[in-house]
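Here are the chains, one letter per residue:
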Amino acid sequence: MTNSEMPDSLDANSFYIEGADIADTKAPQVPIDRRWEERRFGARLVNPANRRKLSVIIVGSGLAGSSAAATLGEAGYNVKCFCYQDSPRRAHSIAAQGGINAAKNYRNDGDSVYRLFYDTVKGGDFRARESNVYRLAEVSVEIIDQCVAQGVPFAREYGGLLDNRSFGGVQVSRTFYARGQTGQQLLIGAYQALERQIAAETVEMHTRHEMLELIVVDGRARGVVIRDMVTGGIETHFADAVVLATGGYGNVFYLSTNAVGCNVTATWRAHRKGAYFANPCFTQIHPTCIPVSGEHQSKLTLMSESLRNDGRIWVPKSGEDKRDPREIPEQDRDYYLERIYPSFGNLVPRDIASRAAKNVCDEGRGVGPGGLGVYLDFADAIARLGRPAVETKYGNLFNMYAQITGEDPYQTPMRIYPAVHYTMGGLWVDYDLQASIPGLYVTGEANFSDHGANRLGASALMQGLADGYFVLPSTINDYLADGPFPKVDESHPAALEAVEAVSARIDKLLSVNGSRTVDSFHKELGRVMWDYCGMERSEEGLRKALTRIRELKKEFWSDVRVLGTNEELNQALERAGRVADFFELGELMCIDSLVRRESCGGHFRVESQTPDGEALRDDDGFAYVSAWEFSGDDRRPVLHKEPLVYEYVEMKQRSYK
Ligand SMILES: Cc1cc2nc3c(=O)[nH]c(=O)nc-3n(C[C@H](O)[C@H](O)[C@H](O)COP(=O)(O)OP(=O)(O)OC[C@H]3O[C@@H](n4cnc5c(N)ncnc54)[C@H](O)[C@@H]3O)c2cc1C
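Criteria and cut-off values
- Residues numbered from 1 in each chain as written.
- Predicted model: local features only at pLDDT ≥ 70, side-chain atom pairs only at ≥ 80, totals over all residues.
- Heavy atoms only, no water.
- Pairing = 2+ DSSP bridges.
- Helix = DSSP H or I, 4+ residues; strand = E, 2+ residues; numbered from the N terminus.
- Axes fitted to C-alpha atoms, helices over the stretch in contact; angles between N-to-C directions.
- 1 Å grid on protein atoms, 1.4 Å probe; cavity = no way out; pocket = protein on both sides within 12 Å on 5 of 7 lines; lining within 4 Å.
- Points joined across faces, edges and corners; volume = space filled by probe spheres on them.
- Phe/Tyr/Trp six-rings, centres within 6.5 Å; stacked < 30°, edge-to-face > 60°.
- Buried < 20%, exposed > 50% of the residue type's maximum accessible area, 1.4 Å probe, protein only.
- Salt bridge = Lys/Arg side-chain N within 4 Å of Asp/Glu carboxyl O.

K.L.:
Looking at this structure, how should I read the sheet that holds strand 2 (residues 55–59)?
P.N.:
Paired through backbone hydrogen bonds, the strands of a sheet run either parallel or antiparallel to each other. As summarised here, the arrangement of the five strands in space is 6-3-2-10-18, forming an open sheet in which the pairing is parallel. Among the strands making up the open sheet, the edge pair consists of strand 6 (203–206) and strand 18 (440–442). Each adjacent strand pair in this sheet contributes to an overall mean axis angle of 20°, direction not counted. The pairing of strand 3 (residues 78–82) with strand 6 spans four bridges and is classified as parallel. Residue pairing in the sheet places phenylalanine 82 in a bridge with histidine 206 of strand 6.

Encoded structure:
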């Protein structure tokens, strides 16, 4: 069979081609606690006078992008930074509620760098790279100092020391927080640092500008094609290196807790230009979200995991019990997480809590409309701590819940259900955060790096800021030390070709003039993804999904209706380009899921479970990162495996019992 034929055969292998194994070659081969120090020392430096001759493009100004732009600007590089919002302060990072982890051990409860490393490797179900995770744990302690120095108002105890709380999958208190607005406060800190560099003219900020293509010259990432979202103007920008800090792709599911604008376009376009996409099927479904209330919704709302510190999760013991929850006595309630997982209780990791919620709902014991909900109850906490203490800790989250549902969570338990929240997959990067295209770096949620098959709560902010403030600024020098690279401008054939591709695609989207809205396609794609590539995946379901996604993609290109023109602010056109990329990504996610015939973390294959319904890994067959290479439209993608080796944490079946 030729590569260009897409198969209907029942063999998962016929959906892809097996390529050569790959490996990270940047992490030094020394004991794990010396690797980062050794790499930092080994990476070449660029002297301050030469930094002024070098330029870096950073796409994205959320926590990962603005921290990198501010730090590289301060170092003296010429930085251009782009985002599609009207201000860096509106990046999706602002939505982060619960907190940021760091191994400070302020509580003296047994925490350490090693324990954070261990918890993260185990929490990720042994599908993350040990070297990266150890470095993340090491750097975590510096992040808190950096943010405190910036004036981030972390919560403090009565005596003035920084306060901590716990998140899922751990037995220590290491999460630093600013009420339920941690992301917002951290972003304001990073934004201030960025603004300072904008004023110092080391960073040139371009808001309302969307990257639509990567420009690769002689095998190196050298620039981007950008659309001015207000005028429709197509621009090219060039630099010695390009950084993508463009966030996650959870919105492929249409309904998620992500901001509505979050999309995959930047990383997907880079993927099509040669950057490997790693573990695309690793999606995190968060257990505590406000349940879907109807067909009208375009977004779901998270109730922070921090609520599981004091809230207790339960359903009635009997599915027939339709009483008001306050009237259901203790003996008729099933606090199922406390029952099944006594050591971690309500603070089991997200993948485990989500699946457990799904299981009790599948048994017919779910609460609320459609039976798709479980209770998160604060009655005990209010009785124990008093309402003012609960208000101080979680007040804004309670208000948000009350505004959305019309119910008062101080009086009656919240109703929650799992929803798509975060994507552990992303562009493949080595220890230096460099993608498989030299000169392309990827930070924050956009890379696949540190979380394996399941991210622990409060670790995304930690990773985004570790990447932007500390890791990238130490590793990118090693690449830039060979620069400045030969000058490239808009007349270069690679630039002309990239601009032509962007313009042709926009023209095509505007000319279909069909009968269906972009949103109707996105909604249908999301439904297919949720039903077949969501909380539970099966061989049969994934095959169905692949067939339907391919049909839908065809229909999209022949029947989508995008009104307006390119030369204006045109949100339908913006969305159309993003949804077109979601179709291609959705297909790869299903293929990745199909090939990974094991369960691990958030990737639950029904065919691979323990007798009591837990995820059953197959370490002999699948202890690898899947790094996918694009090989052309309608051609099978190539799978490169990066074998994962565990030298420091013993691989075993996870247990939170
Ligand atoms: C509701 C919610 C609550 C959360 N709470 C927590 C928490 O408490 N703790 C925790 O650790 N994590 C939390 N997370 C996860 C965390 O917020 C994110 O993973 C993290 O903020 C992502 O940061 P980022 O900088 O990588 O991306 P983002 O903040 O998404 O920023 C992406 C940037 O890229 C830009 N961009 C994207 N594409 C393009 C393009 N094509 N052209 C130009 N610009 C582009 C955007 O404009 C934006 O500036 C939460 C997530 C959600 C959804």
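K.L.:
What is the right way to read empty space enclosed by the protein from this model?
P.N.:
With the rule as written, the count across this model stands at six cavities of 30 Å³ or more. Counted as a void, the largest cavity has a volume near 180 Å³. Lining the largest cavity are 15 residues, and of these Leu212, Arg505, Ile506, Leu509 and Gly577 sit closest to its centre. Only strand 7 (209–217), helix 7 (265–272), helix 13 (493–511) and helix 16 (571–595) provide two or more residues apiece to the lining of the largest cavity. With five residues, helix 16 is the single largest residue contributor to the lining of the largest cavity.

K.L.:
I'm lost on the packing of aromatic side chains in this one. Help?
P.N.:
To describe a pair of aromatic rings, one takes the distance between the centres and the angle between the planes. Going through the model one piece at a time under the given rule, you end up with 23 aromatic pairs. When the centroid spacing of 5.3 Å and the interplanar angle of 70° are considered together, the rings of tyrosine 114 and phenylalanine 117 count as edge-to-face. You can see tyrosine 114 and its partner phenylalanine 117 sitting in helix 4 (residues 113–123), three residues apart, about one turn around the helix. Here phenylalanine 117 falls in the buried class, since its relative accessible area comes to 0%. With a centroid separation of 5.9 Å and an interplanar angle of 55°, the aromatic rings of phenylalanine 378 and tyrosine 394 are classed as tilted. Highlighted residues: phenylalanine 378 in the loop between strand 15 (374–377) and helix 10 (379–385) and tyrosine 394 in helix 11 (residues 387–405), separated in sequence by 16 residues. For the pair phenylalanine 378 and tyrosine 394, a shared accessibility class is recorded, and that class is buried.

K.L.:
How do you make sense of the pattern of salt bridges when you look at a structure like this?
P.N.:
Where side chains of opposite charge bring their charged atoms close, a pairing between them can arise. Considering all chains together, one arrives at 64 salt bridges under this definition. For the salt bridge of arginine 605 with glutamate 539, the shortest nitrogen-to-oxygen distance reads 2.8 Å. Here arginine 605, found in the loop between helix 16 and helix 17 (619–622), pairs with glutamate 539, found in helix 15 (residues 539–559); they are 66 residues apart in sequence, far enough to count as distant. Considered together, arginine 605 and glutamate 539 belong to a single accessibility category, that of buried residues. Note that aspartate 612 is salt-bridged to lysine 657, the shortest N-O span being 2.7 Å. Note that aspartate 612 is positioned in the loop between helix 16 and helix 17 and lysine 657 in the segment after strand 20 (638–643), a separation of 45 residues in sequence.

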